[in-house]
Amino acid sequence: MSARGLVRALRDPDVVTALDAGGWNGLIAMARAERLVGTLALRIGDRRVPDAVRQILDDARLDAEREARQALWEADRATEALAGIDVPVLLLKGTAYAAAGLRAGQGRFIGDLDILVPREAMEQVEHALLRAGWEWVKDDPYDDAYYRQWMHELPPMIHAGRDRMIDVHHSILPLTARQAPDMAAMIADAVPIAKGLYMLSPEDRICHAAAHLLADGDLAGGLRNLWDIVCLLDGIDPSALEARAARHGLAAHVGQARRLAAALYGEGARLSFWDRIVAARLLARDGWGRERRKPLRFAFSVRSHWLRMPPGLLARHLFTKWRKGHRPV
Amino acid sequence: MNHALSLRIGPATFRIGSTWRRPVEALVALYADYPAPVDGVADFTVRLEPAGPFRRWLRPSIFITGDHGLADAAPMSLAHGLLAAEMGMNLQMALGWRRHLLLHASSVEKDGRALVMTGESGSGKSTLAAQLGERGWRLMGDEFALLDLDTGAVFPFPRLVSLKNRAIDVLAAETPQRRMGPLLAGTAKGDIRHLVPNRDAIGRMGEGAKPALLLFPRFGHAADVRAVGQGEVFMRLTQASTNYVALGEPGFAALTRFVADVPARAIDFPSGDEAVALVERLWKECG
Amino acid sequence: MPRRYCQDSPDAITSCVLEDMVLLYHRPSGQTHMVISPVPEILATLDGGAALTADEVLGQLASLYDLGAAEEAGPQVEAHLAELTELGLVRIA
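Residues numbered from 1 in each chain as written. Chains lettered and ligands numbered in written order. Predicted model: local features only at pLDDT ≥ 70, side-chain atom pairs only at ≥ 80, totals over all residues. Heavy atoms only, no water.

### Side note on the overall build of chain A
Operational definition: Secondary structure elements follow DSSP: runs of H or I no shorter than four residues count as helices, runs of E no shorter than two count as strands, and numbering proceeds from the N terminus. Burial classification: accessible surface area is computed with a 1.4 Å probe over protein chains only, and a residue below 20% of its type maximum counts as buried, one above 50% as exposed, and the rest as partly exposed. Two residues form a contact once any of their heavy atoms are found within 4.5 Å. Per-residue and other accessible areas follow the Shrake-Rupley method at a 1.4 Å probe size, with only the shown protein chains counted as cover for residues.
Within chain A one finds 15 helices and 7 strands. Per-residue burial for chain A yields a buried fraction of 54% across its 329 residues. Taking contacts inside chain A between residues at least 6 apart in sequence as the whole, the part at least 24 apart equals 66%. Working note: accessible area of chain A is about 14,500 Å², and carbon and sulfur atoms make up 52% of it.

### Points about the pairing of strand S2 (residues 13-18) of chain C
Residues and elements named next belong to chain C. Going by this rule: DSSP-based pairing: two strands are paired if at least 2 bridges between them are found.
The pairing of S2 with strand S3 (residues 21-26) spans 6 bridges and is classified as antiparallel. Each bridged residue has a counterpart across the sheet, and for Cys16 the counterpart in S3 is Leu23. Once S2 ends, the chain turns through 2 residues before running back antiparallel as S3, passing Glu19 with a positive phi of about 50 degrees.

### Structural notes on the layout of surface pockets
All names here are of chain B. Heads up, the rule is: We place a 1 Å grid over just the protein atoms. Points where a 1.4 Å probe fits but has no way out form a cavity, open points with protein on both sides within 12 Å along at least 5 of 7 lines form a pocket, and any residue with an atom within 4 Å of a point lines it. Grid points are joined across faces, edges and corners, and a volume is the space filled by probe spheres set on the points. In this classification, Asp, Glu, Lys and Arg are treated as charged, Ala, Val, Leu, Ile, Met, Phe, Trp, Tyr, Cys and Pro as nonpolar, and every other residue, Gly included, as polar.
Reported here for the second largest pocket is a volume of approximately 1,300 Å³. Lining the second largest pocket are 46 residues, and of these Ser121, Glu143, Ser162, Lys164 and Lys189 sit closest to its centre. The element that contributes the greatest number of residues to the lining of the second largest pocket is helix H2 (residues 81-96), accounting for 7 residues. A breakdown of the residues in the lining of the second largest pocket according to their chemical character gives 21 nonpolar, 16 polar and 9 charged.

### A short note on the packing of aromatic side chains
The geometry of an aromatic ring pair comes down to the distance between the two centres and the angle between the two planes. How we decide: Side-chain rings of Phe, Tyr and Trp (the six-membered ring for Trp) are treated as a pair once their centres are within 6.5 Å; stacked means planes under 30 degrees apart, edge-to-face means over 60, and tilted covers the remaining angles. Note on geometry: a ring has a charge over it if NZ (lysine) or CZ (arginine) is within 6 Å of the ring centre and within 35 degrees of the ring normal.
Throughout the structure, instances matching the rule amount to 10 aromatic pairs over all chains. Chaining the aromatic ring pairs together yields one cluster made of Phe14, Phe44, Trp97, Phe144 and Phe157 of chain B. When the ring centre of Phe109 of chain A is taken as origin, the NZ or CZ atom of Arg35 of chain A, which lies over that ring, is 4.1 Å away. Cation over ring: Arg15 of chain B sits above Trp288 of chain A, and NZ or CZ is 4.1 Å from the ring centre.

### A look at the sheet that holds strand S3 (residues 134-136) of chain A
Where strands meet in a sheet, backbone hydrogen bonds hold them as pairs that are either parallel or antiparallel. Residue and element names in this part refer to chain A. Our working rule: The axes are straight lines fitted to the C-alpha atoms, using for helices just the contacting stretch, and the angles between their N-to-C directions are given from 0 to 180°.
Strand order in the open sheet made by the 7 strands is S3-S4-S5-S2-S1-S7-S6, with mixed pairing throughout. Two strands close off the open sheet at either side, each with one partner strand: S3 and strand S6 (191-194). Along the sheet, successive strands turn relative to each other by an average axial angle of 40 degrees, direction set aside. Bridge count between S3 and strand S4 (residues 157-159): 3 bridges; the pairing is antiparallel. Note that in S4 the partner of Glu135 across the bridge is Ile158. With respect to the sheet, helix H5 (residues 93-100) is in contact with strand S1 (89-91), strand S2 (113-116), S6 and strand S7 (197-199), its orientation differing from that of S1 by roughly 95 degrees.

### Observations concerning the interface of chain C and chain A
Our working rule: Joining two parts hides part of their accessible area as seen by a 1.4 Å probe, and the buried area is that hidden amount summed over both. For this document, the term salt bridge refers to a Lys or Arg side-chain nitrogen within 4 Å of an Asp or Glu carboxyl oxygen. Side-chain atoms alone can form a polar contact between residues adjacent in sequence; in general such a contact is a pair of N or O atoms within 3.5 Å, and within protein one must be able to donate a hydrogen while the other accepts it.
Listed by partner, the interface residues are 11 residues for chain C and 8 residues for chain A. Between chain C and chain A the total buried area reaches about 700 Å² when both faces are included, carbon and sulfur atoms providing 40% of it. Considering only the surface of chain C that becomes buried against chain A, Pro28, Ser29 and Arg91 of chain C emerge as the three largest contributors, covering 51% of it. Inspection of the region where chain C meets chain A yields 2 salt bridges. Where Asp76 of chain A meets Arg91 of chain C, a salt bridge forms, and the shortest distance between an N and an O atom there is 2.9 Å. Taken together, chain C and chain A are joined by 3 residue pairs in polar contact (both at pLDDT 80 or more). The element best represented in the side of chain C that touches chain A is helix H3 (residues 70-87) of chain C, accounting for 3 residues. Counted by class, the side of chain C that touches chain A contains 2 nonpolar, 5 polar and 4 charged residues.

### Thoughts on the interface of chain B and chain A
On the side of chain A, 20 residues touch chain B, which itself brings 21 residues to the contact. Summed over both partners, the interface of chain B with chain A buries about 1,800 Å², with 50% contributed by carbon and sulfur atoms. Of all residues in chain B, Arg15, Val41 and Arg99 of chain B bury the most surface against chain A, accounting for 34% of the area lost on that side. Put simply, chain B and chain A have 3 salt bridges between them. Counting every contact that joins chain B to chain A gives 11 residue pairs in polar contact (both at pLDDT 80 or more). If you list the elements that add at least two residues to the side of chain B that touches chain A, you get strand S2 (12-18), strand S3 (44-50) and helix H7 (244-247) of chain B. Per-element tally for the side of chain B that touches chain A: the top contributor is S3 of chain B, with 5 residues. Taken together, the residues that form the side of chain B that touches chain A break down as 10 nonpolar, 3 polar and 8 charged.

### What about the packing of helix H1 (residues 4-11) of chain A against helix H3 (residues 37-44) of chain A?
Residue and element names in this part refer to chain A. Cut-off, in case you're wondering: To sort the angles, those under 35 degrees are grouped as roughly parallel, those over 145 as roughly antiparallel, those from 65 to 115 as roughly perpendicular, and the leftovers as oblique. Take the far helix as your reference; a near helix turned counterclockwise from it by less than a right angle gives a left-handed crossing, and one turned clockwise gives a right-handed crossing.
Two numbers describe how H1 lies on H3: the axes approach to 9 Å, and their chain directions differ by 45 degrees. With respect to each other, H1 and H3 are oriented oblique. Pair H1 / H3 crosses with left-handed handedness. Every residue of H3 that contacts H1 at Ala9, Leu10 and Arg11 is listed here: Thr39, Leu40 and Arg43. Split by residue class, the contact of H1 with H3 holds 3 nonpolar, 1 polar and 2 charged.

### What about the domain arrangement of chain B?
All names here are of chain B. Let me state the cut-off plainly: Domain start and stop points were drawn from an automatic or database domain assignment.
Domain parsing of chain B yields domain 1 (3-96) and domain 2 (100-286). Each of domain 1 and domain 2 was reduced to a C-alpha centroid, and the two centroids are 24 Å apart. Overall, the association of domain 1 and domain 2 removes approximately 1,800 Å² of surface from exposure, summing both partners, and the carbon and sulfur fraction of that is 73%. Sorting the residues of domain 1 by area buried against domain 2 places Leu30, Tyr34 and Met93 first, and these three jointly supply 28% of that buried surface.

### Thoughts on the sheet that holds strand S11 (residues 161-164) of chain B
Residue and element names in this part refer to chain B. Strand order in the open sheet formed by 3 strands is S11-S13-S12, with antiparallel pairing between adjacent strands. Across the chains shown, the open sheet's two edge strands, defined by having one partner strand only, are S11 and strand S12 (180-187). Direction aside, neighbouring strands of the sheet carry axes that sit 25 degrees apart on average. Across 4 bridges, the pairing between S12 and strand S13 (residues 190-195) is antiparallel. Within the sheet, the bridge partner assigned to Thr187 lies in S13 and is Gly190.

### Observations regarding the nonpolar core
Using the following cut-off: Here, nonpolar core means buried Ala, Val, Leu, Ile, Met, Phe, Trp, Tyr and Cys residues that are tied together by side-chain atoms lying within 4.5 Å of each other.
Ranked by internal contacts, the top residues of the largest apolar core, which has 90 residues, are Leu223, Leu264 and Tyr265 of chain A. Filtering out sequence-adjacent residues up to four positions away, Leu264 of chain A remains in contact with Val7, Arg11, Leu223, Leu226, Ala279, Leu282 and Leu283 of chain A.

### Quick look at a nonpolar patch on the surface
To keep things clear, this is the line we draw: Like charges are joined within 9 Å and nonpolar side chains (Val, Leu, Ile, Met, Phe, Trp, Tyr) within 5 Å, but only among residues with over 30% relative accessible area and no salt bridge; these make up the patches.
A surface patch of nonpolar side chains, about 290 Å² in accessible area, is lined by Leu64, Tyr65 and Leu67 of chain C. Among the secondary structure elements, Leu67 of chain C is positioned in the loop between helix H2 (54-64) and H3.

### Description of the side chain of Arg205 of chain A
Residues and elements named next belong to chain A. Counted only if it meets this: Residues scored as charged are limited to Lys and Arg (positive) and Asp and Glu (negative), so that His and the chain ends carry no count.
Within the element layout of this structure, Arg205 appears in helix H9 (residues 202-214). We note that Arg205 is buried and unpaired, the nearest opposite charge coming from Glu203 at a distance of 7.7 Å. For Arg205, the side chain forms a polar contact with the main-chain oxygen of Leu200, separated by 2.7 Å. Here Arg205 is in contact with Tyr97, Leu102, Val191, Met199, Leu200 and Leu232, once residues within four sequence places are set aside.

### Some details on the pairing of S13 of chain B
Consecutive side chains along a regular strand alternate between the two faces of the sheet. Residue and element names in this part refer to chain B. Examined bridge by bridge, S11 and S13 share 4 bridges and lie antiparallel to one another. Along S13, the bridge assignment pairs Lys164 with Ile192. What sits between the antiparallel neighbours S12 and S13 is a turn of 2 residues.

### Regarding the pattern of salt bridges
Under the definition given, this model contains 44 salt bridges over all chains. Its salt-bridge partner being Arg226 of chain B, residue Asp268 of chain B comes within 3.3 Å of it at the nearest N-O pair. Of this pair, Asp268 of chain B sits in strand S16 (residues 264-269) while Arg226 of chain B is found in strand S15 (residues 224-227), placing the two residues 42 residues apart along the sequence. The exposure class assigned to Arg226 of chain B is partly exposed, which follows from its relative accessible area of 34%. Residues Glu249 of chain B and Arg27 of chain C are paired through a salt bridge, measuring 2.7 Å at the closest nitrogen-oxygen approach. A residue pair is termed interchain when its members come from two chains, as with Glu249 of chain B in helix H8 (residues 249-261) and Arg27 of chain C in the loop between S3 and strand S4 (31-35). A relative accessible area of 28% places Glu249 of chain B in the partly exposed class. Where salt bridges share partners, they join Asp76, Arg77 and Glu80 of chain A together with Asp8 and Arg91 of chain C into one cluster.

Below, the structure written as structure tokens:
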């Protein structure tokens, strides 16, 4: 069993009415592992399912609602904290989708609050958040120096009273990545959601999601990111998207994301050799919720580091981590 | 997975998969009288898998995970596989259960009313519940009490009772051998032996009861009974609940109702027999 | 201009009295706060939806309760309002 069953259920929820108990157990375990169970619950809606499944889906739906409420509250708190320094809060990912009521936000697992601010405002933002009760998660000088020098975000902060994390980005990709998105344009073209709250333009939302899925990270949780892209593509003008992606140097990533979205969640697409490997990795999940294909996973972990850093830097980074007892799994 | 078992405990159902045969065999033997999930669909998946690439055979050690897991959970010896499975189920309940307010508490029932006991591990709440369960009360659970969000009733979660160290001999003396599991020596919490709840406890695992008394027991002190203020009770119960925050407003409503309605006492006791006598006395008083 | 304070929204908070404590469940944040007098009374002055200065809150409290010396009660009310604002239970208008 691969996550193909999960992908099919999201694409066409009618198929779940034919599932037996084993099929349900596998589907639920995979959906939970991919953090898509809330989305699945909303997709299935009121279709006839066994009572035991109904309860599980209802729980997932309530969890997603609470998740969204808390995410919006964190956004509210960040807006309040930054009101004094006149930096607009640009929400990224799940919180933005929830705040704007986008389809991509329905039932979505959210987690940390991600915001984007101009690079030159980073220091001010950092101080304003520290004043408002956020604190650094770890105080390891190597990690801190690494973040500041090479990453596209501040080291993670957590709010002492509410126990929720915030990631403050100034770019959607690390500074070491080979693509250099036009962040000034992204921020300039942001669209308002509510008072003091903004999100990326529709095209930039897809560029970000595609970069997040394919240029940054090891594809873990990729099925959910790809589902975001499917939802975000709704009603998008393809030529406007292509032009925007080219401007950010992300044309290849956006193209691949669209092919994968169509292949897995849509009408199908012609996939290249590399597309197929990525698709296999995205679907590497069994009916017990376990990740499969370990060698492929390791390859992706190495590739994900390599994508973000020039090789010399990578060696130094891995070496420093290694000495401190980290081992790639 | 190679070896698997599904079972129901109270309102919750589990599908447990293991790389090795032994933990599942031990579960099958001890959970023989428990029902299977209705519909065959389990609320939670638990996985016992090798802690590293070679750990299936070489000094086998178990990583406990499932739908919900902790990345930094310490691996366990295969010899303690039964305990690993129990911990895996507890982990799912603690992190994933949403249909009741979950209190880290033991509970027993008599005449349709429930006694709930909460405290740190080592407080004696588990042993006391097990003893009461052998002396005319219905054991509802030694680890989790499930508070209904609408009615305020307490529902049972009568998993195997996990007896530790000195409690093992105390219970072994008044329980038939066939209801005692194997001795698991030298676990992180010392020696552990599981006790299968009696037929009444298992047969009535779906039956709730109105909470009538809340106790905060403390083992190893001179006998004493103290009143506990409602504010303190509320604080201690939020700390004893793993899903209070996740439930949001219904959790708030259920917990405030419980605190306002149920009398609470802190009790100290030097021995199990004195504890049972003390509980029986307090139970009559609140009767 | 002195700061004006107002409630978050009329149905943001549900409360429950337990002996001498008041528990506040704040719906937007999902947080529970345990408070004692004069916090519930201060929040009650904002129930009408008006935006009040700390002095006006104090004035309303003084008309209902015996507050003792105004020079002590004033800073206390101000401090409570600041704290409630930080928690998001009260907003600056």
